[in-house]
Amino acid sequence: MNLPNDYKLLETHEWHQLKDGIVTLGITLFAADELTDITYVSLPKIGTQLTAGNRFGEIESVKATSDLYSGISGEVVEINSALNSDPGLVNREPYTGGWMIRVRPANTAELNKLLSAADYLKQRG
């Protein structure tokens, strides 16, 4: 599985990438493949305050509905509105066009508590 080395991850398959003081979140290719055809993504509104470890939305597929979790606390500053009309972007481009939200973190040190890409991949076996 190809997973960018600078990502931090939750065991629930959400990736976090810090760039220029903003953290982008999405789900891994592993999770997207497990869900199969994604049909809907429910995301928070801009301005929503997130708390690390809590739910920020949900993702639906032909197979299941799953909650989405954030590994960081902070304010949602952008959502990927392209997912409204094309939720399949998450299946096709989970690390690029299929990102979900961008967050201004309250404390970037929270990212240190998340799994590294290598540790996440070890858990997948």
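Residues numbered from 1 in each chain as written. Predicted model: local features only at pLDDT ≥ 70, side-chain atom pairs only at ≥ 80, totals over all residues. Heavy atoms only, no water.

(A) Broad picture of the overall build of the chain. Along its length, the chain carries 4 helices and 10 strands. Counting from the amino terminus, the chain carries its helices and strands in the arrangement β-β-β-α-β-β-β-β-β-α-α-β-β-α. Radius of gyration (C-alpha) of the chain: 13 Å, near the 14 Å computed for a compact globule of 125 residues. The dimensions of the chain, computed from C-alpha atoms along their principal axes, are 35 × 35 × 20 Å. Looking at the 125 residues of the chain, the share that counts as buried comes to 42%. Sequence separation of at least 24 residues holds for 62% of the intrachain contacts in the chain that already meet a minimum separation of 6. Taken as a whole, the chain presents about 6400 Å² of accessible surface, with 46% of it coming from carbon and sulfur. Of note, the chain has its 11 positive side-chain charges centred 4 Å away from the centre of its 16 negative side-chain charges. (Helix = DSSP H or I, 4+ residues; strand = E, 2+ residues; numbered from the N terminus. Rg over C-alpha atoms; globule rule 2.2 N^0.38 Å. Buried < 20%, exposed > 50% of the residue type's maximum accessible area, 1.4 Å probe, protein only. Contact = heavy atoms within 4.5 Å. Areas by Shrake-Rupley, 256 points an atom, 1.4 Å probe, with all protein chains shown as cover. Lys, Arg positive; Asp, Glu negative; His and termini not counted. Charge placed at Lys NZ, Arg CZ, Asp CG, Glu CD.)

(B) Quick peek at the sheet that holds strand 4 (residues 38-42). Pairing is antiparallel across the open sheet formed by 3 strands, whose spatial order is 4-6-7. Each edge of the open sheet is held by one strand with a lone partner, namely strand 4 and strand 7 (65-69). When strand polarity is set aside, the average angle formed by the axes of neighbouring strands in this sheet is 25°. As defined by bridge partners, strand 4 adjoins strand 6 (residues 55-61) across 4 bridges and the pair is classed as antiparallel. Along strand 6, the bridge assignment pairs Val41 with Ile59. (Pairing = 2+ DSSP bridges. Axes fitted to C-alpha atoms, helices over the stretch in contact; angles between N-to-C directions.)

(C) How the structure looks around the sheet that holds strand 5 (residues 49-50). Strand order in the open sheet made by the 7 strands is 5-8-9-3-2-1-10, with antiparallel pairing throughout. One side of each edge strand has no neighbouring strand; the edge strands of this open sheet are strand 5 and strand 10 (115-116). With 2 bridges connecting them, strand 1 (residues 8-9) and strand 10 associate as antiparallel partners. By the bridge assignment for strand 10, Leu9 is matched with Leu115.

(D) Local environment of the packing of aromatic side chains. The final tally for this structure, using the stated rule, is 3 aromatic pairs. Geometrically, the ring pair formed by Tyr7 and Tyr95 is edge-to-face, given 5.7 Å between the ring centres and 65° between the ring planes. One end of the pair, Tyr7, is in the segment before strand 1; the other, Tyr95, is in the loop between helix 3 (89-92) and strand 9 (101-105), and 88 residues separate them in sequence. Assigned by exposure class, Tyr7 and Tyr95 land together as buried. With a centroid separation of 6.3 Å and an interplanar angle of 55°, the aromatic rings of Trp15 and Tyr95 are classed as tilted. One end of the pair, Trp15, is in strand 2 (residues 14-19); the other, Tyr95, is in the loop between helix 3 and strand 9, with 80 residues separating them in the sequence. (Phe/Tyr/Trp six-rings, centres within 6.5 Å; stacked < 30°, edge-to-face > 60°.)

(E) The arrangement of the pairing of strand 6 in detail. With 5 bridges connecting them, strand 6 and strand 7 associate as antiparallel partners. Paired with Arg55 across the strands is Tyr69, a residue of strand 7. Taking the residues between adjacent antiparallel strands as the criterion, strand 6 and strand 7 are bridged by 3 residues.

(F) Highlighting unusual backbone geometry. One non-glycine residue, Asp20, lies in the positive phi region at around 55°. Checked against the element boundaries, Asp20 lands in the loop between strand 2 and strand 3 (22-27). A relative accessible area of 75% means that Asp20 is categorised as exposed. Notably, Thr36 is not glycine yet its phi reads approximately 65°, a positive angle. Relative to the assigned elements, Thr36 resides in the loop between helix 1 (29-35) and strand 4. Residue classification places Thr36 among the partly exposed residues on the basis of a relative accessible area of 30%.

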